[in-house]
Structures are given as C-alpha cells and as structure tokens.
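Spelled out, the chains give:
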Amino acid sequence: MLGLALSGGGARGIAHLGVLAALDELGLPVVRLAGVSSGAIAATFYASGVPPREIMRRLQGVSIPRLTRVALSRSGLLHMDAVGRLFEQHLGPDATFEQLRLPLTLVATDIVAGESVRFSSGPLVPPLLASSAVPVLYRPVQYQGRQLVDGGLLNNLPVDVLLEADHPGLRVVGVHCNPPNPQAQVHNLRSLLERTLNLAIAGNTVLSKQRCHLLLEPPELRQYRTMSFRQAPELFDIGYRYTLSRAAELRALLA
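Residues numbered from 1 in each chain as written. Predicted model: local features only at pLDDT ≥ 70, side-chain atom pairs only at ≥ 80, totals over all residues. Heavy atoms only, no water.

S.K.: Please clarify how helix 2 (residues 37-47) should be interpreted in this entry.
M.R.: Since the α-helix turns once every 3.6 residues, residues separated by three or four places project in the same direction. The element helix 2 is extensively covered by neighbouring structure, given that 10 of its 11 residues are classed as buried. For helix 2, the complete set of buried residues consists of Ser37, Ser38, Gly39, Ala40, Ala42, Ala43, Thr44, Phe45, Tyr46 and Ala47. Glycine 49 occupies a position one or two residues after helix 2 and carries a positive phi of about 105°. (Buried < 20%, exposed > 50% of the residue type's maximum accessible area, 1.4 Å probe, protein only. Helix = DSSP H or I, 4+ residues; strand = E, 2+ residues; numbered from the N terminus.)

S.K.: Help me out: how do you make sense of the nonpolar core in this one?
M.R.: Generally speaking, nonpolar side chains in soluble globular proteins are found buried as a group. Counting 63 residues, the largest nonpolar core has Leu4, Leu23, Leu33, Phe87, Leu104, Leu124 and Val173 as the members making the most contacts within it. The element best represented in this core is helix 1 (residues 15-26), accounting for eight residues. Apart from the residues lying within four places of it in its own chain, the contact partners of leucine 33 are Leu4, Ala43, Tyr46, Ala47, Leu102, Pro103, Leu104, Thr105 and Leu162. (Core = buried A, V, L, I, M, F, W, Y, C linked by side-chain atoms within 4.5 Å. Contact = heavy atoms within 4.5 Å.)

S.K.: What's the story with the packing of helix 2 against helix 3 (residues 52-60) in this structure? I'm lost.
M.R.: Two packed helices can be described by the angle between their axes and the distance between those axes. Running from N to C, helix 2 and helix 3 point in directions that differ by 125°, and their axes come no closer than 10 Å. Here helix 2 lies oblique to helix 3, going by the angle between them. By crossing handedness, the relation of helix 2 to helix 3 is classed as right-handed. Taken together, the residues of helix 3 that come into contact with helix 2 (itself represented by Ala42, Phe45 and Tyr46) are Pro52, Ile55 and Arg58. (Axes fitted to C-alpha atoms, helices over the stretch in contact; angles between N-to-C directions. Parallel < 35°, antiparallel > 145°, perpendicular 65-115°, else oblique. Left-handed = near helix turned anticlockwise from the far one by under 90°.)

S.K.: Explain the packing of helix 3 against helix 9 (residues 232-245) to me, please; I cannot follow it from the model alone.
M.R.: Taken N-terminus to C-terminus, the directions of helix 3 and helix 9 make an angle of 160°; their axes are 11 Å apart at the nearest point. Taken together, the axes of helix 3 and helix 9 are roughly antiparallel relative to one another. Seen along the crossing, helix 3 lies across helix 9 with a hand that is right-handed. Of helix 9, the residues touching helix 3 (which contributes Pro52, Arg53, Met56 and Gln60) are Ala232, Pro233, Phe236 and Tyr240. Its residues assigned to classes, the contact of helix 3 with helix 9 shows six nonpolar, one polar and one charged. (Nonpolar A, V, L, I, M, F, W, Y, C, P; charged D, E, K, R; others polar.)

S.K.: Is there a simple way to think about unusual backbone geometry in this case?
M.R.: At serine 37, a residue that is not glycine, the phi angle is positive and equals roughly 55°. Checked against the element boundaries, serine 37 lands in helix 2. Exposure remark for serine 37: the relative accessible area of 8% places this residue in the buried category.

S.K.: Is there a simple way to explain the confidence of the model for the protein in this structure?
M.R.: For the protein, mean pLDDT is 87; residues scoring 70 or higher make up 86% of the total. The low-confidence segment residues 67-78, where pLDDT is below 50, has 34 contacts with residues more than four positions distant or belonging to other chains. (pLDDT = per-residue confidence, 0-100.)

S.K.: What is the right way to read the side chain of serine 7 from this model?
M.R.: Mapped onto the secondary structure, serine 7 falls in the loop between strand 1 (2-6) and helix 1. Among the polar contacts made by the side chain of serine 7, one reaches the main-chain amide nitrogen of cysteine 177 at a distance of 2.9 Å. If we ignore the near neighbours within four places in the chain, the residues touching serine 7 are His16, Val36, Ser38, Gly39, Asn156, Leu157, Val175, His176 and Cys177. (Polar contact = N/O pair within 3.5 Å; in protein donor to acceptor, adjacent residues only side chain to side chain.)

S.K.: Please clarify how the pairing of strand 6 (residues 115-119) should be interpreted in this entry.
M.R.: If a strand is regular, its side chains alternate between the two faces of the sheet. Across five bridges, the pairing between strand 5 (residues 104-110) and strand 6 is antiparallel. Across the sheet, leucine 106 pairs through a bridge with phenylalanine 119, a residue of strand 6. (Pairing = 2+ DSSP bridges.)

S.K.: Just checking my understanding: could you explain the pairing of strand 9 (residues 146-150) for this structure?
M.R.: One ladder, built from three bridges, connects strand 5 with strand 9; its direction is antiparallel. What sits directly across from threonine 109, in strand 9, is valine 149. Strand direction decides the pairing type here: strand 8 (residues 141-143) and strand 9, joined by three bridges, are antiparallel. In the strand pairing of strand 9, tyrosine 143 is matched with arginine 146. Hairpin connection from strand 8 to strand 9: two residues lie between these consecutive antiparallel strands, with glutamine 144 at a positive phi of about 55°.

Structure follows, in structure tokens:
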C-alpha cells in the first residue's frame, strides 16, 4: 500500500497528475495522501475520486487570469475568492474530508505563529485554499483563528504526515516537483524572487527526501518555471513517463 506526499511547485505540480495517472495504470494501490500547494490540489481532487486525466482536462478549461483578481491590500496582491469558487464548483460548497474516497492531509503554514498546520477532518475547501495561498502573492486565508498561507513555506514535502499515520505496512513515496537547478538564470526581479523562493523551500525538503521509502523527482522539471501553465500537457507527460520508468522500484516497495 502506497502513501503519497505531493509537493508544491506551481505549474510544475501538474506533473503530479501524470504521476497519479501512471500509478493507476500500473495498478499500484494508493491508500493515503498528503499534499501542499499545487500538490494539495492534485491530492484533493484525486482523493475525491476524479481520475488524473479528468483533473487535467478541467485544469485546461480554467482561465488563470480570471483567478488572479487584484486585492491591493497590505497582506497580498491577489484575492483567493475566484479560486475558492472554483474549488466549490468541482468539490461541492459543503465538501468535507470525511466525504473523500481516500484519507487526505493538507498542510498549511500559520504565518503568525510560524508553524506548520495539518488538516484532515472537517470542511475541505478552506484548508485547500490556505495550503495553496502563496505568501505575498495571495492574501492569507483566515481560518480557525489563524492566518494561513502556502504549506510549502515550512514543509514542502509532507512525508512526516504519512510516516506518523497509524497505517501498518504503508510505504511512503515522496513526489517532489522542484528539482534543484544549478543552471537557473537570474536576470530580473521576477526570476530573482522565484529563485529565492525555490532555494528557501528546497532547504525544508532535505530531510523529507531522506525519510521517504522512495523519492520521485523528475529531473526534466527543472527546465520549467513556476508559472509555466501553458506547458501543462508537457508537465503532465513528464510526470507520467518518469513514473513508468520507476515502475520496478515502485512494485518492489509492495513486494
């Protein structure tokens, strides 16, 4: 039985859908999920029973500019309102963790307390919004008395959530969509900010990568940027092909 920890990574997180599609094709049983940021979105829709290729189809029907309404506030540039309505449209306005097909844990960051926060029960959409609220870009999500932002800020590969789960025999696979890129070009403010965030987040995944039973980290993803949503089919295919190439190791985990 496999437990999957899905990392954040912006558009690169689309590769998670390819990974999930390959696992389904290989007939490998995924029984538990944990996710942050874009990995939280992929994990949530998969846990709700939506096939990976269908998730991909729905994603391609989304207008990214419509999801980025300017907030012009002190705490973030963009509203999460449109994103929240999109999640409610596909998951249901009253969706809960308990209604999901598979157990799921979403990880967010309490930006005030400076701590990682887990959600695995109760309302589904608020924690999902919080887990994917990139700091500065999006306003923090106010939920349960906390100001919550992207879970990847402190824990971008939530392997620990699965290792601590009361699930005997669970084999934990970490799926990391931010492979290090030593040849990254920093030539303007945007690329500087992106590089800074990637390096900061990379630091909190070192131990997680070592602790999982198997790490899937497609090296081709290093060539793509955080906002490369137009390359969605390519990103999906990278995750799919890479996972198939690791099929023997994945099957060995379950032997």
